[in-house]
Structures are given as structure tokens and as C-alpha cells.
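Examination of the molecular architecture
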Amino acid sequence: MTAPDATTGTVQTSADAPAASWRDSLAVYLQPRVLIVLFLGFSSGLPLALSGSTLLVWMREAGVDLGTIGLFALVGTPYTLKFLWAPLVDALHVPLFTRAFGRRRGWLLFSQLLLIIAILLLALTDPARSPFYVALGALLVATTSSTQDIVVDAFRVESLPESEQAAGMASYVAAYRIGMLVSTAGALFIVSGFESTGISRTSAWMWGYVVMAAMVLIGTITALAATEPEQSVRAEAATQADTAFARVLHAAIGAFSEFLARKDALAALAFVVLFKFTDAFSGTMTAPFVIDLGFSRNDYAAIVKGVGLAATLIGGFAGGFLARRYPLATCLWIGGVVQALANLSFSWLALVGTSQWALAFAITAENFTSAIGTVIFVAYLSALCQNPLHTATQYALLTALAAVGRTYLSSVAGYVAKATGWPLFFVICVLVAIPSLVLLTWLQKRGHFEELGPVRV
């Protein structure tokens, strides 16, 4: 999976700040701005699986070859390259939309409209007959989804005051996970429901995707109910005299030049690419593995996504506890090691066979440890974005690089699984974590984490 985006304000706090009461801590989650971010988090999490794991289940049921399924990881390319057009989203206006709704809300509504159209086009394809058109539809979904992510990130940064940033990020992550649950387990249950009415499997999948397209309207209604962030209004006024080209150039060059001027910047970028690679390599083949093992579509929906969500949320709290208690480098070591070793539970499951208890254990271990790694990784990415003038573009770059492992490096996972068999494949998933741990050792010795300063989630 892809990690949800974060901002600088969510991770750095004063150790001497007075502790808020538990009532104050709960009340902040009911602030209108935080609730807006929560629903936008749902809208961001919803599309990811529609061009990913849910689509892979559809393709496997349609009889598509494992090698081809593995190559479909490449349709996540827009999540990797979104930093290229992030400055355009920061600087350019959308005709009619920007004038009517404002700089950020206009882009939000425009990207959501395109996302609905893309999901509907994907719904009309047939994996058994036209894998090319399926890939094209999935690519359109990924492109519009990643554009929405860019806008939501910027909106969250600019709309929440510092006192609400942490609550906003927590709400966003939780809603993001729920959105993913709806487009995985929810979508599979919906497809099964349509199929039970007697319509063909192809039609059931089509209508399942149509329902998912309708779910995007939750984000659209949220964008209409929201108000344009004051920071965005001020930025718009400050750059009104500049040409569109000048605004794009300033956003792009400033973000890149500042980051690359840092000590050990290239090593840090390589670490960003590789840290979650162990998750991405195994995650690409989790859905085909569960189906091949003999579990039903509903087993996958209920256990992999239902039990998995609970384990993920608990793991997120555990990751936050670790990040508060230990230095960032130590937390990265803990997260990196446990998320890699959890893959061995799938090797064990491959030997056990179709046991629902074994599947639940493996999924719990994988999701719990992955969430720990994700929370700590988000804290690290956020700490790298220290200039508020370039936060959106820099974070788009970092999260795009983090998607390289999921999109490109993991595209051969299907061929590796086909050649080695499932038990050995998941052992290999553990071994691919070694390069990131080597880089972590090197960065730690070079004083990289001391330069970032104290980091807390």
C-alpha cells in the first residue's frame, strides 16, 4: 500500500508543552475543519484499490495469467510521478472551477469529477477479453486519484491550524483506511451481492465499480461544504501579479533545489524508495495468493480486509507509541525489521493451506507490523519537509519516490512467485528489506537523523 501523506506540522512538538485534558483531546476531532479532512481522507483512500488489489482479484477470477497480473503493478506509475505535476496543481487555475470555488476547492472538485469518469470507464472493460483497455482504465483511475491526493494534501496543510494538525492527520489516516476497506472488502461483497441476483460475473463486477464511482461523491459533497483555506486565499493574492509560468517555475525549482542541497540527500531518497519495498513486494501478490490457496472471495473480503483493518488501526497506535518513546532512527529500525519478518507468516500459511484461523493470524501479523512501519515512515517523510513554502511539492516528490517500490520494483513479483512457489516467495520478501536496513545504518552513522532534530508523531 501506499502510505498516506502528512505534513510538517503533524510531527514536531515541544516537549515542554502542557498536556491537554482527555476531553480537549477528543473535542478537537469534532472541529469542522478536522471533520472535513476526515471525509477527504475517505475520498483519497477509496480509489487506490480500484486500480490495485480489487482489480487484481477481478483479473484472477477472469483467468488472467499471474505474470500479467504482476505487471499490472505498473499502472501505479502516476503515484510515482505525481511530483511532476504537483507544481501545476499549486500554481495553475482550472477554468470555471477556480473562479467558482477557489484555488484548492476548484482543483478538488475538478479532480473528483475526472475520477468518477475514470472509474466508470474502467467498469466498462473486461479483463478476460481486453487486458489492454483494463490497463488503460486503471491508469486513468490512478492518475486522477493521485491528482486528488496532491490537492487534499495541500488543502489539509493550509486549512488546519497547528493545534488541529495532529488530529487532522489521525482522522485522515483512519478515514483513508476505511476508504480502502470500502473499495476492497466492500466492493467484493457488493460484487457477490450482484452476482447472487443471477447476473453474469462480468456484469456484477461492472456494477460493483459503478457503485464505487458513486462513493466518490462523498468527497465531492465534502469539497462543496468546505471553505477555501485562508492560507490559499493569501497565497493567491500574493502571486496574482505573476504569470502562470512564473508560479509553476517557482514552486518546482524551489522545492527540488532546496532538498537536493542537503547533506546525503541522494542516500535519503534511496532509503525513501526502499523502506516499504518489502511490504510492496509481498502486497502485490497477496490477493492472488489468497485466491490460489483456495479461499473464497468473501473469505478474502472478511479476513484480509476486515481483520486486516482492525490490525492496521491497532498497529498505527502502536507505531505512534513507539515514535513518542524512542528516537526516530530507533523507530525506523523497529518498523523495518518487524514489517519484513511478518512476511514469514504467509510462508507458514502457504504450508498450512486453507485454514481461516491461519489466514487471520497471517493477515493480523502483516497488517499490524506494516502499520507500525507506515506511521514511523510518515513521521520521517514529514520531518524531511521543513520549508512550509514547498511542503506540498516536496511531499509529493517523497511519496512518489516511496511508490517506486510498489510500482516498478514489485512489478516482477508475479514472475518470482511463479518461479519459486508461494512459501519461498514470501521468504524472498523478507530478504528484499536488507538494502533499506543497510542504508539506514549508513545514514545513522552520518548523523542524518540528528540533523532532522527531535521528531514526534
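First things first, this report covers the structure right here in the doc. Quick caveat, the model's predicted, so the values are computed rather than measured.

Thresholds applied
Residues numbered from 1 in each chain as written. Predicted model: local features only at pLDDT ≥ 70, side-chain atom pairs only at ≥ 80, totals over all residues. Heavy atoms only, no water. Helix = DSSP H or I, 4+ residues; strand = E, 2+ residues; numbered from the N terminus. Buried < 20%, exposed > 50% of the residue type's maximum accessible area, 1.4 Å probe, protein only. Contact = heavy atoms within 4.5 Å. Areas by Shrake-Rupley, 256 points an atom, 1.4 Å probe, with all protein chains shown as cover. Salt bridge = Lys/Arg side-chain N within 4 Å of Asp/Glu carboxyl O. Axes fitted to C-alpha atoms, helices over the stretch in contact; angles between N-to-C directions. Parallel < 35°, antiparallel > 145°, perpendicular 65-115°, else oblique. Left-handed = near helix turned anticlockwise from the far one by under 90°. Nonpolar A, V, L, I, M, F, W, Y, C, P; charged D, E, K, R; others polar. Core = buried A, V, L, I, M, F, W, Y, C linked by side-chain atoms within 4.5 Å. Polar contact = N/O pair within 3.5 Å; in protein donor to acceptor, adjacent residues only side chain to side chain.

Here we come to the overall build of the protein chain. Looking only at helices and strands, one finds 25 helices and zero strands in the protein chain. A burial count over the protein chain gives 57% of its 457 residues as buried. Taking the contacts inside the protein chain whose residues are at least 6 apart along the sequence as the reference set, 85% of them involve residues at least 24 apart. Summed over its atoms, the accessible surface of the protein chain is roughly 18,600 Å², and 69% of this surface lies on carbon and sulfur atoms.

As for its position among the elements, L124 is in the loop between helix 8 (103–123) and helix 9 (131–159). The exposure class of L124 is exposed, given its relative accessible area of 62%. Sequence separation of L124 and Y209 is 85 residues, and the distance between their C-alpha atoms is 8.9 Å.

Our next topic: the pattern of salt bridges. Summed over all chains, the structure comprises six salt bridges. A salt bridge links D292 to R60; the shortest N-O distance between them is 3.2 Å. On the criterion of sequence distance, the pair formed by D292 in helix 16 (residues 277–292) and R60 in helix 3 (residues 53–61) is long-range, its members being 232 residues apart. With its nearest N and O atoms 2.7 Å apart, the salt bridge here joins D279 to K276. K276 shares its class with D279; the two are buried. Several salt bridges converge on common partners, so that one network encompasses E61, E195 and R201.

Moving on to the packing of helix 2 (residues 32–45) against helix 9. Contact pair helix 2 / helix 9: the axes reach a minimum separation of 10 Å and the direction vectors enclose 165 degrees. With respect to their mutual orientation, helix 2 and helix 9 come out roughly antiparallel. Crossing handedness for the pair helix 2 and helix 9: left-handed. Contact residues: helix 2 offers R33, I36, V37, L40, S43 and S44, while helix 9 offers S145, Q148, D149, V152, F155, R156 and S159. Considered class by class, the residues forming the contact of helix 2 with helix 9 number five nonpolar, five polar and three charged.

Another point: the nonpolar core. In this structure, F271, V272, L332, Y380, L398 and F449 are the most contacted members of the largest nonpolar core, which totals 61 residues. Among the elements that take part in this core, helix 21 (residues 391–407) stands out by supplying nine residues, more than any other. In this structure, F271 is in contact with L332, Y380, S436, L439, L440 and L443, ignoring residues within four places of it in sequence. If you look at the next biggest cluster of nonpolar residues, it comprises 60 residues, including W58, Y300, A350 and A360.

This part covers the side chain of T278. With respect to the helices and strands, T278 occurs in helix 16. Engagement of the side chain of T278 in a polar contact is seen with the side chain of N343, the distance being 3.0 Å. Among the polar contacts listed, one links the side chain of T278 to the backbone oxygen of C429, at a separation of 2.7 Å. Apart from the residues within four sequence positions on either side, T278 is in contact with Q339, A340, N343, C429, V430, V432 and A433.

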